[in-house]
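# Summary of the model geometry
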Amino acid sequence: MVATPEVGPPGVGHPEAEFQTQDLLLNVGPQHPSTHGVFRMVLQVDGEVVRDVIPYIGYLHRGAEKLCETMDYRQGIGFMDRTEYLAAFNAELSYVMAVEKLAEIEVPERAQWIRMILCEMNRLSSHFMFMGAFGIDVGVFATPFIYAWKEREQLIDLFEEVSGDRMMYAYFRPGGLAWDVPANFKQRVREVLESTKVGIKDFDGLLTTNEIFRARTQGVGYISAEDAIDWGMSGPSIRASGVNIDVRKDEPYMFYDQIDFNVPTRTEGDVYARYACRMDEMWESVRIIEQCLEKMPDYGPIMPEKMPRMLRTPPGEVYLRTEAPRGEYGIYLVSEGGNRPYRLKVRSACLSNLQALKDMSVGHYMADAIIVLGSIDIVLSEVDR
Amino acid sequence: MTNENTEAAAPEELDLSGTIWAEVDRVLSGVTARPEPGALDLIVHIPPDEVIMGLRRLKTDEALDFNYLRSLTAVDLEEDGMDVVYHLFSTNTKQNLTVKTRLDNDNLAVDTATTVWRAANWLERETAEMFGIRFNGHPDPRTLLMPEDMTDTFPLRKAHPLAEIEILQGEGMGYPEEGE
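Residues numbered from 1 in each chain as written. Chains lettered and ligands numbered in written order. Predicted model: local features only at pLDDT ≥ 70, side-chain atom pairs only at ≥ 80, totals over all residues.

## What about the overall build of chain B?
Stated precisely, the cut-off is as follows: The way it works is that DSSP assigns letters per residue, a run of H or I at least four long becomes a helix, a run of E at least two long becomes a strand, and they are numbered from the N terminus. Partly exposed residues are those whose C-beta has more than 12 but fewer than 20 other C-beta atoms within 10 Å; 20 or more makes a residue buried and 12 or fewer makes it exposed, with C-beta atoms placed from the backbone. Contact between two residues is assigned when their C-beta atoms, built from the backbone, lie within 7 Å.
Within chain B, the secondary structure is distributed over 6 helices and 7 strands. In chain B, the succession of α and β elements from N to C terminus is α-α-α-β-β-α-β-β-β-β-α-β-α. Counting across all 180 residues of chain B, residues that qualify as buried make up 35%. Within chain B, contacts between residues at least 6 apart in sequence are counted, and of these 48% link residues at least 24 apart.

Below, the structure is given as structure tokens:
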């Protein structure tokens, strides 16, 4: 586990030689609970202080982009689920919207409202997952994890009622939805939302104002707005540094322009700010869902009337991005005509966020490097694709 | 340099109203740049030897201010070479721009964009190992997603078959040859 670096022993006879310390290389992962998946980093530590971080990724690389080139548009949806498995609705959404834009398909209004509700609920479930796992990183042991799991379970039950699956939904289709939602959809969403609100409040009480939690997270893992932009970070991780970018506001897709919501930002740029941004975002998501429920029509088509049996797109290319829980999830789709992508590239928010890990953790204690990693909320399956 | 004479006729035929082409054209004066016809969003083509200069100008210009590299990737066009595609964004003006550069199959190399945005670091490493494109001057030219010793096969090239990956990974892991 511990290897000596190649710096070698200090020269004998040098006046400062006796006081020189030796840096250690410490391997973390790939099979380690605090790395949130299969992620490996080599920390160069001077005593307890991190001097350098070398991340290694690629353990979960499955070649999803290449596989999508061999499958038709409908088959590609499943691969998108498996990239961002904690927020699969959001991942599907980018993909189907890219296909729709290229093929010039108009999506029925009701289908769009349902998509919005599901995506925001998925954001809630994903942030609950973050809160629970982050609590463990910080050292609050199982309490927040179980609390988060309880709330997330309710949301996932609802997703299962709608799509038939707990995590890999494959429910969105180019043009609309695979099938209609159950008749009691609105009522169920309201029920789940009530329990979610209680859950968020619980978390606020457990962590946000907890003095030990604050002492552990405030002032740790700072990244400035300029650096965050330069590294291409996105999502709550960049908004915690005071950069107000959110695709839902910048380029409203679906009906986000008809909804009244705020984009929570912070200026501290530390681990606590990234946590707090997500916490505020959860309240905003609740607000968005409540407005969507008001505006969503009870009846109406969920697919356009004329959809071809085999979807073909004209030649062209499109870059489409949406705001997933971890940041900007982009799909770059190149078509040569025909029923499959010529090239499909997934722009992973986590990959860009992870690049900044070194900047955030150098100079901190080793235990803090773990919570810095936790605070950017990576999904390795999205990083590696 | 040749922008005014040879390329100036083409943009006027395209309908670029409502896009930021006029601004981009102003910033890229002196760089051979032309917009792609028929694209859904504005796409600017710049030859590989000038692309980094062009990108740096797009970043440093105060009006356009493309300070955010969102995505960097490549597209294999088989006999036509390869396109390296840069997706830019400005966090201040919220504008988007796509820049492309066409590489020849004989010389799959372009200067690194890490000198413009640090975000290009991993994205270029990934593009290099997947397509076999060399990014000159890259500070950390290791593989990113692929095994360290897998530097001679480029999985995202069109010429690379899906099943061959398994054959290359080790004997006995690939599919049996026909007739065996």
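After that view, the rundown keeps rolling.
## Thoughts on the overall build of chain A
Put simply, the rule is: To get the radius of gyration, use the C-alpha atoms; to get the globule rule, take the number of residues to the power 0.38 and multiply by 2.2 Å.
Scanning chain A for helices and strands turns up 15 helices and 11 strands. For 385 residues, the compact-globule estimate of 2.2 N^0.38 gives 21 Å, and the C-alpha radius of gyration of chain A, at 22 Å, lies within 12% of that figure. Seen through its principal axes, chain A has C-alpha atoms that stretch 85 × 50 × 35 Å. Looking at chain A as a whole, 49% of its 385 residues qualify as buried. In chain A, the proportion of contacts linking residues at least 24 apart, taken out of those at least 6 apart, comes to 70%.

## With respect to the interface of chain B and chain A
In plain terms, the rule: Following the grouping adopted for this structure description, the nonpolar residues are Ala, Val, Leu, Ile, Met, Phe, Trp, Tyr, Cys and Pro, the charged ones are Asp, Glu, Lys and Arg, and the polar ones are all others, Gly among them.
Contact with chain B, which involves 24 residues of that partner, is made by 29 residues of chain A. When residues of the side of chain B that touches chain A are traced back to their parent elements, those giving at least two are β3 (68–76) and α5 (120–131) of chain B. In terms of residue count, the dominant contributor to the side of chain B that touches chain A is β3(B) (6 residues). For the side of chain B that touches chain A, the residue count by class is 13 nonpolar, 7 polar and 4 charged.

## Structural notes on the sheet that holds strand β9 (residues 316–324) of chain A
Residue and element names in this part refer to chain A. Stated formally: What makes two strands pair is DSSP finding at least two bridges between them. Geometry is summarised by axes, namely lines fitted to C-alpha atoms with helices restricted to the contacting stretch, and by angles between N-to-C directions that run from 0 to 180 degrees.
In space, the 3 strands of this open sheet follow the order β9-β10-β11, with antiparallel pairing throughout. One side of each edge strand has no neighbouring strand; the edge strands of this open sheet are β9 and β11 (343–347). Here the average twist between neighbouring strands, direction ignored, is 10 degrees. Pairing of strand β10 (residues 327–335) with β11, which is carried by 5 bridges, proceeds in the antiparallel orientation. When the sheet's bridge partners are listed, Tyr332 is paired in β11 with Lys345. Across the sheet, helix α3 (residues 88–103) is in contact with β9 and β10; its angle to β9 comes to roughly 150 degrees.

## Quick look at the packing of helix α6 (residues 185–208) of chain A against helix α11 (residues 271–295) of chain A
Each packed pair of helices is defined by two parameters, the angle between the axes and the distance between the axes. All names here are of chain A. Defined as follows: In these notes the angle categories are as follows: under 35 degrees is roughly parallel, over 145 is roughly antiparallel, 65 to 115 is roughly perpendicular, and the rest is oblique. Left-handed describes a crossing whose near helix is turned anticlockwise from the far helix through less than a right angle; right-handed describes the clockwise counterpart.
Interhelical geometry of α6 versus α11 gives an angle of 160 degrees and a closest axis separation of 11 Å. Judged by the inter-axis angle, α6 sits roughly antiparallel to α11. Considering the relative orientation of α6 and α11, their crossing is left-handed. Note on element contacts: α11 touches α6 through Ala276, Met279, Met282, Trp283, Val286, Ile289 and Leu293, opposite Lys186, Val189, Arg190, Leu193, Thr196, Lys197, Ile200, Phe203, Asp204 and Thr208. Looking at the contact of α6 with α11 residue by residue, the classes come out as 11 nonpolar, 2 polar and 4 charged.

## Re the sheet that holds β3(B)
All names here are of chain B. Strands sit in the order β1-β2-β5-β4-β3 across an open sheet of 5 strands; the sheet is mixed. Bordering the open sheet on either side are β1 (34–35) and β3, each of which pairs with just one other strand. Both strand β2 (residues 43–45) and strand β5 (residues 96–103) contribute to a ladder of 3 bridges, which runs parallel. When the sheet's bridge partners are listed, His45 is paired in β5 with Lys100. Together, β4 (82–89) and β5 form the strand contacts of helix α4 (residues 51–60), whose direction differs from that of β5 by roughly 170 degrees. With respect to the sheet, α5 is in contact with β3 and β4, its orientation differing from that of β3 by roughly 5 degrees.

## Some words on α6(A)
Our working rule: Expected helix span is computed as 1.5 Å times (number of residues minus one).
Helix length check: α6(A) (24 residues) gives 32 Å between terminal C-alpha atoms against 34 Å at 1.5 Å per residue, within 8%. Of all the positions in α6(A), only Val189(A), Val192(A), Leu193(A), Thr196(A), Gly199(A), Phe203(A) and Leu207(A) are classed as buried.

## Quick word on the packing of helix α4 (residues 109–138) of chain A against α11(A)
All names here are of chain A. Closest axis-to-axis distance for the α4/α11 pair is 9 Å, and the angle between their directions is 155 degrees. Put simply, α4 runs roughly antiparallel to α11. By crossing handedness, the relation of α4 to α11 is classed as left-handed. Across from Trp113, Met116, Ile117, Glu120, Met121, Arg123, Leu124, His127, Phe130 and Phe134 in α4, the residues of α11 making contact are Tyr275, Arg278, Glu281, Met282, Ser285, Ile288, Ile289, Cys292 and Lys295. Tallied by class, residues from the contact of α4 with α11 come to 12 nonpolar, 2 polar and 5 charged.

## Description of unusual backbone geometry
Of note in this structure, Ala170(A) is not a glycine but carries a positive phi near 50 degrees. Checked against the element boundaries, Ala170(A) lands in the loop between α5 (142–163) and β7 (172–173). A positive phi is found at Lys94(B), a non-glycine position, where the angle reads about 60 degrees. Relative to the helices and strands, Lys94(B) is located in the loop between β4 and β5. On the basis of neighbour count, Lys94(B) is assigned to the exposed category, with 12 C-beta atoms found within 10 Å.

## Side note on the domain arrangement of chain A
All names here are of chain A. Quick reminder of the rule: Each domain's limits were defined by an automated method or a database of domain assignments.
Domains assigned within chain A are domain 1 (2–56) and domain 2 (64–384). Between the C-alpha centres of domain 1 and domain 2 the distance comes to 35 Å. Those elements giving two or more residues to the side of domain 1 that touches domain 2 turn out to be β4 (37–38), β5 (40–46) and β6 (49–56). The dominant element in the side of domain 1 that touches domain 2, judged by the number of residues it contributes, is β6, at 6 residues. Of the residues contributing to the side of domain 1 that touches domain 2, the split by class is 8 nonpolar, 4 polar and 3 charged.

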